[in-house]
Amino acid sequence: MHVGYAVPRAGLPASASFRRWVEAALHGARRRKPAELSIRIVDADEGRALNRDYRGKDYATNVLSFPAELPPGVALPLIGDLAICAPVVLREAAGQTKSPRDHWAHLTIHGVLHLLGHDHIEDGEANVMEALETRILAGLGIADPYT
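A brief structural summary. Not measured: the values here are computed from a predicted model. (Residues numbered from 1 in each chain as written. Predicted model: local features only at pLDDT ≥ 70, side-chain atom pairs only at ≥ 80, totals over all residues. Heavy atoms only, no water.)

1. Regarding the overall build of the chain
- Broken down by element type, the chain carries five helices and four strands.
- Reading the chain from its N terminus to its C terminus gives the helix and strand order β-α-β-α-β-β-α-α-α.
- Taken against the 2.2 N^0.38 rule, which gives 15 Å for 147 residues, the C-alpha radius of gyration of the chain at 15 Å falls within 12% of a compact globule.
- Considering only C-alpha atoms, the chain reaches an extent of 45 × 30 × 30 Å along its principal axes. (Helix = DSSP H or I, 4+ residues; strand = E, 2+ residues; numbered from the N terminus. Rg over C-alpha atoms; globule rule 2.2 N^0.38 Å.)

Here it is, written out as structure tokens:
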């Protein structure tokens, strides 16, 4: 796992925290094979550009997941990349009266689950994904983010 900071690191989780959250997500999703991913912590401008260019939505969002699209026959443990927008995460945490650290953990786990193929477009998928997130977070001592 690689974490890159495109914003000042003061007040943001260290790469060791991201590693712990990624490992919890992989374990909780029962991923047994090795996995590689990168996380880039971005500002609002970069978050907005990525969301616009890849999702057609012209605003910064909290986390974007980019699953690896490896050619057939290429067997690498790469599962993809995450872009997490620091100002959005901090604004949401304040607005939802959540600990910023807990919100960072939640969004990291949420993003990793997307890289593993989980989604929340359909209600049934959303229920499964939210239950998995809640269980993983509980294992880290973090309250249910959906209550």
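2. Points about the pairing of strand β1 (residues 2–5)
- As paired elements, β1 and strand β2 (residues 36–42) share four bridges and run parallel to each other. Bridging from a neighbouring strand, Tyr 5 pairs with Ile 41 of β2.
- The parallel pair β1 and β2 is bridged by helix α1 (residues 15–28), and the resulting crossover is left-handed. (Pairing = 2+ DSSP bridges. Right-handed = clockwise from strand over helix to strand, strands pointing away.)

3. Focus: the sheet that holds strand β3 (residues 63–67)
- Sheet architecture is open: four strands sit in the order β1-β2-β4-β3, paired in mixed fashion. Of all strands in the sheet, those with a lone pairing partner are β1 and β3, marking the two edges. Within this sheet the neighbouring strands show an average axis-to-axis angle of 15°, counted without direction.
- As judged from the seven bridges shared by β2 and strand β4 (residues 78–85), these two strands associate in the parallel manner. Residue pairing for β4: Ser 38 is matched across the bridge by Asp 81.
- Across the face of the sheet, helix α2 (residues 44–55) comes into contact with β2, β3 and β4 while running at roughly 50° to β3. (Axes fitted to C-alpha atoms, helices over the stretch in contact; angles between N-to-C directions. Contact = heavy atoms within 4.5 Å.)

4. Side note on a nonpolar patch on the surface
- Judged by side-chain polarity, Leu 70, Val 74, Leu 76 and Leu 78 come together as a nonpolar surface patch covering roughly 300 Å² of accessible area.
- Within the secondary structure, Val 74 is located in the loop between β3 and β4.
- With relative accessibility at 37%, the residue Val 74 sits in the partly exposed group. (Patch = residues over 30% accessible without salt bridge, like charges linked within 9 Å, V, L, I, M, F, W, Y side chains within 5 Å. Areas by Shrake-Rupley, 256 points an atom, 1.4 Å probe, with all protein chains shown as cover. Salt bridge = Lys/Arg side-chain N within 4 Å of Asp/Glu carboxyl O. Buried < 20%, exposed > 50% of the residue type's maximum accessible area, 1.4 Å probe, protein only.)

5. Overview of the side chain of Thr 61
- You can see Thr 61 is positioned in the loop between α2 and β3.
- Residues in contact with Thr 61, not counting those within four places in the same chain, are Asn 51, Arg 55, Cys 85 and Val 88.

6. Re the packing of aromatic side chains
- As enumerated under the stated definition, the model contains three aromatic pairs in all.
- With a centroid separation of 5.4 Å and 80° between ring planes, the pair formed by Phe 18 and Trp 21 is classed as edge-to-face. One end of the pair is Phe 18 and the other is Trp 21, both in helix α1 and three residues apart, which spans about a single turn. Trp 21 shares its class with Phe 18; the two are buried.
- Taken together, a centroid distance of 5.8 Å and an interplanar angle of 85° make the contact between Phe 18 and Trp 104 edge-to-face. In this pair, Phe 18 is assigned in helix α1 and Trp 104 in helix α4 (residues 100–115), connecting sequence segments 86 residues apart. The same class applies to Phe 18 as to Trp 104, namely buried. (Phe/Tyr/Trp six-rings, centres within 6.5 Å; stacked < 30°, edge-to-face > 60°.)

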